[in-house]
Amino acid sequence: MLKIGYLGPEGTFTQQAAQRYIRDKQEADLVGLPSIRETLIAVQRGDLDLAVIPFENSLEGSVNIVLDVLAWEVDLMILDELILRISQTLMISPGASWKELTEVYTHPQSAGQCRLFLETHLPQAKLYLTSSNAEGADQAQKKGRTAGAIGPLEASEVFGLEVALHDIQDKDNNFTRFVVVGKDTTHTSAAHNKTSIVFSTEHKPGSLACILDIFNLWDINMTKIESRPSRGQLGRYIFFIDIDGHYTAPDVRDALTMVQRKTNFYKFLGSYPMAETE
């Protein structure tokens, strides 16, 4: 039986994504871990076969810890992706009043997605950031009537909280892209595929433009570009890029070969089926 890790404990959006991932697949054992980094390291060590992790959100952007760990700490491949609509709920102790909250617990991504709500409706509440929404709900339950939590509806059921408000995210168009990672080097192909890489270039004018021109030359659509510090000299960066297509397609293969030649650090992160928005 496959062991698949997710950002836990029970009651997180990532658990929802993991449950959806295995819904039409073979039986699997889902394991909740306390942090994204620990989940990825567990796959690297072989304690888990796969992990489902949040990759980016339509309101808050990329999950930086995921980018950093994939680039520097593990040798794992993205094998699949899922996109879930995210509905943030405000949870409180049964019988409490949400307008009287003095503390709110939630994951940094959820806090960012609800920034306007917090500033407008709960300016008096101190915000505490937690490693997961489930941990936030647990903390709110322990703190009592003056503490609330933001996260998925399922967390309220797990931790015995009451949902005070639904859909408190700043925009209705709130989606999170989750990726499935593992050591498997086989890359499933579908009708529509995506390929992810990370690289760095020489620190001189036009270096990044040269790489981007390669995708233009081969008429390959780039769907994401994100920079992260290179962990070296200040002002130096690595770049994460997603492109349309599978690495086995001739144009994609040739373009990636040229990119690898033109970069001083290059890491292939996988080719996988492109997910459809719910």
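Residues numbered from 1 in each chain as written. Predicted model: local features only at pLDDT ≥ 70, side-chain atom pairs only at ≥ 80, totals over all residues. Heavy atoms only, no water.

Caption draft 1: Region of the structure containing empty space enclosed by the protein. Per the counting criterion, the structure on display carries 1 cavity of 30 Å³ or more. Taken as a whole, the largest cavity holds about 200 Å³ of empty space. Taken together, 18 residues line the largest cavity, and the ones lying closest to its centre are Phe13, Pro54, His107, Gln109 and Asn133. For the lining of the largest cavity, the elements supplying multiple residues, two or more each, are helix 1 (13–22), strand 3 (50–57), helix 4 (108–113) and strand 11 (175–182). (1 Å grid on protein atoms, 1.4 Å probe; cavity = no way out; pocket = protein on both sides within 12 Å on 5 of 7 lines; lining within 4 Å. Points joined across faces, edges and corners; volume = space filled by probe spheres on them. Helix = DSSP H or I, 4+ residues; strand = E, 2+ residues; numbered from the N terminus.)

Caption draft 2: Structural view of the sheet that holds strand 6 (residues 89–92). Pairing is mixed in the open sheet, where 5 strands are placed in the order 8-7-9-6-10. Strand pairing shows two members of the sheet lacking a second neighbour, strand 8 (126–129) and strand 10 (162–165), which therefore form its edges. Strand-to-strand, the axes of this sheet are offset by a mean angle of 35 degrees, without reference to chain direction. The pairing of strand 7 (residues 103–106) with strand 8 spans 4 bridges and is parallel. Looking across to strand 8, one finds that Thr106 is bridged to Leu129. The strands that helix 6 (residues 133–143) touches are strand 6, strand 7 and strand 9 (147–151); relative to strand 9, the one it contacts most, it runs at about 165 degrees. (Pairing = 2+ DSSP bridges. Axes fitted to C-alpha atoms, helices over the stretch in contact; angles between N-to-C directions. Contact = heavy atoms within 4.5 Å.)

Caption draft 3: Representation of the sheet that holds strand 12 (residues 193–200) in the model. Here 4 strands make up an open sheet; going across it, the order is 13-14-12-15 and the pairing antiparallel. Both edges of this open sheet fall to strand 13 (222–229) and strand 15 (265–273), since each of them pairs with a single strand only. Averaged over all adjacent pairs, the angle separating strand axes in this sheet is 15 degrees, with direction ignored. Pairing of strand 13 with strand 14 (residues 237–244), which is carried by 7 bridges, proceeds in the antiparallel orientation. In the sheet register, Ile225 faces strand 14, and the bridge partner there is Ile241. Packing of helix 3 (residues 64–72) onto the sheet brings it into contact with strand 12, strand 13, strand 14 and strand 15, and relative to strand 13 it is tilted by some 80 degrees. Of the strands in this sheet, strand 12, strand 13 and strand 14 are in contact with helix 8 (residues 207–217), which crosses strand 14 at around 10 degrees.

Caption draft 4: Structural context of helix 1. Of all 10 residues in helix 1, 7 are buried, a share of seventy percent or more. Taken residue by residue, helix 1 has Phe13, Thr14, Gln15, Ala17, Ala18, Tyr21 and Ile22 as its buried positions. (Buried < 20%, exposed > 50% of the residue type's maximum accessible area, 1.4 Å probe, protein only.)

Keep in mind these numbers describe shape, not what the thing actually does.
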